Structure formats: structure tokens, C-alpha cells
Amino acid sequence: QKEVEQDPGPLSVPEGAIVSLNCTYSNSAFQYFMWYRQYSRKGPELLMYTYSSGNKEDGRFTAQVDKSSKYISLFIRDSQPSDSATYLCAMHRGFQKLVFGTGTRLLVSP
Amino acid sequence: DTAVSQTPKYLVTQMGNDKSIKCEQNLGHDTMYWYKQDSKKFLKIMFSYNNKELIINETVPNRFSPKSPDKAHLNLHINSLELGDSAVYFCASSQEGSEAQYSYEQYFGPGTRLTVT
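Residues numbered from 1 in each chain as written. Chains lettered and ligands numbered in written order. Predicted model: local features only at pLDDT ≥ 70, side-chain atom pairs only at ≥ 80, totals over all residues. Heavy atoms only, no water.

(A) Quick peek at the overall build of chain B. Counting its secondary structure elements, chain B contains 0 helices and 11 strands. Ordered by position from the N terminus, the helices and strands of chain B form the series β-β-β-β-β-β-β-β-β-β-β. For chain B, the C-alpha radius of gyration of 14 Å lies close to 13 Å, the compact-globule estimate for 117 residues. For chain B, buried positions account for 44% of its 117 residues. (Helix = DSSP H or I, 4+ residues; strand = E, 2+ residues; numbered from the N terminus. Rg over C-alpha atoms; globule rule 2.2 N^0.38 Å. Buried < 20%, exposed > 50% of the residue type's maximum accessible area, 1.4 Å probe, protein only.)

(B) Focus on the layout of surface pockets. In this structure, the largest pocket occupies an estimated 360 Å³ of space. Along the wall of the largest pocket there are 25 residues; nearest its centre are Arg41 of chain A together with Gln37, Lys41, Val88 and Arg113 of chain B. At the level of elements, β9 (85–92) and β11 (104–109) of chain A together with β9 (87–94) and β11 (112–116) of chain B are the ones that each hand at least two residues to the lining of the largest pocket. Grouping the amino acids of the lining of the largest pocket by side-chain chemistry returns 9 nonpolar, 9 polar and 7 charged. Estimates place the volume of the second largest pocket at around 240 Å³. As for the second largest pocket, its lining consists of 15 residues, of which Gly43, Pro44 and Glu45 of chain A together with Phe108 and Gly109 of chain B are closest to the centre. Only β5 (45–51) of chain A together with β10 (107–108) of chain B provide two or more residues apiece to the lining of the second largest pocket. (1 Å grid on protein atoms, 1.4 Å probe; cavity = no way out; pocket = protein on both sides within 12 Å on 5 of 7 lines; lining within 4 Å. Points joined across faces, edges and corners; volume = space filled by probe spheres on them. Nonpolar A, V, L, I, M, F, W, Y, C, P; charged D, E, K, R; others polar.)

(C) Molecular detail of the pairing of strand β1 (residues 4–7) of chain B. Residue and element names in this part refer to chain B. Burial along β1 is one-sided: Val4 and Gln6 are buried, and none of Ser5 and Thr7, which face the opposite way, are. In this sheet, strand β3 (residues 19–25) lies alongside β1 in antiparallel orientation, the contact comprising 4 bridges. By the bridge assignment, Thr7 is partnered in β3 with Lys22. (Pairing = 2+ DSSP bridges.)

(D) View of the nonpolar core. If you look at the biggest cluster of nonpolar residues, it comprises 25 residues, and the most contacted ones within it are Val4, Trp35, Ile72, Leu74, Tyr87 and Met91 of chain A. Elements supplying a minimum of two residues to this core: β3 (19–25), β4 (32–38), β5, β7 (61–66), β8 (71–76), β9 and β11 of chain A. Ignoring anything within four residues of it in the chain, the contact list for Val4 of chain A reads Cys23, Thr24, Tyr25, Phe30, Cys89, Met91, Val99, Phe100 and Gly101 of chain A. Formed by 19 residues, the second largest nonpolar core is a distinct cluster that contains Met32, Met46, Leu74 and Ala87 of chain B. (Core = buried A, V, L, I, M, F, W, Y, C linked by side-chain atoms within 4.5 Å. Contact = heavy atoms within 4.5 Å.)

(E) Molecular detail of the interface of chain A and chain B. Taken together, the contact pairs 22 residues of chain A with 27 residues of chain B. Around 2,000 Å² of area is buried between chain A and chain B when both sides are counted, 57% of it from carbon and sulfur atoms. One can count 0 salt bridges joining chain A with chain B. Seen at the junction of chain A and chain B, the total is 2 residue pairs in polar contact (both at pLDDT 80 or more). Listing elements by their share of the side of chain A that touches chain B, those giving two or more residues are β4, β5 and β9 of chain A. Tallying contributions element by element places β4 of chain A first for the side of chain A that touches chain B, with 4 residues. Its residues placed into classes, the side of chain A that touches chain B shows 10 nonpolar, 8 polar and 4 charged. (Buried area = accessible area lost by both parts, 1.4 Å probe. Salt bridge = Lys/Arg side-chain N within 4 Å of Asp/Glu carboxyl O. Polar contact = N/O pair within 3.5 Å; in protein donor to acceptor, adjacent residues only side chain to side chain.)

(F) Examining the state of the cysteines more closely. Counted under the stated rule, the structure contains 2 disulfides over all chains. Paired by a disulfide, Cys23 of chain A and Cys89 of chain A hold their sulfur atoms 2.0 Å apart. On the sign convention where negative is left-handed, the bridge of Cys23 of chain A and Cys89 of chain A, at about -100° about the S-S bond, is left-handed. With Cys23 of chain A in strand β3 and Cys89 of chain A in strand β9, the pair connects residues that are 66 residues apart, well separated along the chain. This pair shows no difference in class: Cys23 of chain A is buried, exactly as Cys89 of chain A is. Between the sulfur of Cys23 of chain B and that of Cys91 of chain B lies a disulfide, 1.9 Å long from S to S. Disulfide Cys23 of chain B to Cys91 of chain B: torsion about the S-S bond roughly -75°, handedness left-handed. Taken as a pair, Cys23 of chain B in strand β3 and Cys91 of chain B in strand β9 lie far apart in primary sequence, 68 residues in all. Neither residue differs from the other here; Cys23 of chain B and Cys91 of chain B are each classed as buried. (Disulfide = S-S within 2.5 Å.)

Structure below.
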């Protein structure tokens, strides 16, 4: 069993839809949770991070962490075609080592 | 200005060959990483260097040898290439603070797409 599980998709939505991306994890020692966005043929770029449980909002993006359920989410409001990318969740317990999910491919059609 | 750069961008080679990938960052970071991303987009850490010192060495065949000549450069040398080494290799860097939480913000290079035939 992988430490971090993520549905690979693809997830196809029309422009303007609310998108929900999720990850589950098994290691309760994880404390820092991140979402990276990766466009095709590019390196991942950090989108959002949260520490421990709770919500964090940044523009159209909201990250949620539920440590009791070992479940994290990324919500995208008013999705745009430019949001089409692979979204990778990542988490770590310190000592630099990020553990990534497999990524969910999102396609937003105009 | 490219923050994290890698060369080459594409590498096609035959089984059994030895090849190197180079990485440079101009962000002034003191920690650098190598990741491997397979065909299913799974991104896995291979190595981490902090100030030229090896910090993380995941379960990677010893055909892979990282080298950090200074804290702005981290190279990856691969001996006796195998078909299973075909993947995209990403270099990343981050700035470590006194607490581990600062390592979340890793900056990735554009990747080197390695194809072994």
C-alpha cells in the first residue's frame, strides 16, 4: 500500500465548475501538506500548503486537511481551461523528504 | 532567469551506457534533490543534498551516483543504463530554515526525459 493515495483521473469538467481533488494517506506522522500543479512537460510548482488540520484559501483555491480522517482536499472554484494540469498532493514529516501522491489529471473544457 | 535548470532536456541512449544529468540552481538554496517520475506520473525522491552533504538516499540502485560540487549544483551519474531507468528526472531545490517545515517549498527544474532503448 502506498503511503499517499490519489485518484489518477482524468477528471473532466466544464469551465466554471467547482473541482474537488483529494488524497488519503496512511502515516499519521505527516504534518505538512502541499498541493503542487504540474503542466504537461514541465516541473511541478507549489500551489498551496497547510500545516496540520484546517482550511486555507488563496483566490479560487482552497486546501483542506482532516488529520483525523487522514484526508486532504483541494477545491478549485470557477475552474478555467488554464487550470488543466496534473495536481499532485505531497506531505512530509520533516527531514526534507516529501512524499507525493500519483497526481490527478484535470481537464477543464471551455 | 531560470531558477532551477537541468541539462540535457532530452536524453536517448542505449542499454549499458553511462550518462550524466546536470542541475544548477541560482536561488541561493542550500538543499537540492533528485526525483524520478515514472510513466504514471508518480514522483519519488531519490537523493537529497544539503550544503554538499548527502542527507537522503532512498532505495536506489548504486548505479545511480549523485555528486554535488558546490551547493548550487547537483549532478546525477547513471552507470549501465537499463530499460527501467526510462523516466523523467527532476532536480529541485529548497531553502532550509532552522525548522523542518521550510522544506515544503521545493522549486523544480523542467525535467530531463531519459529514454533507454
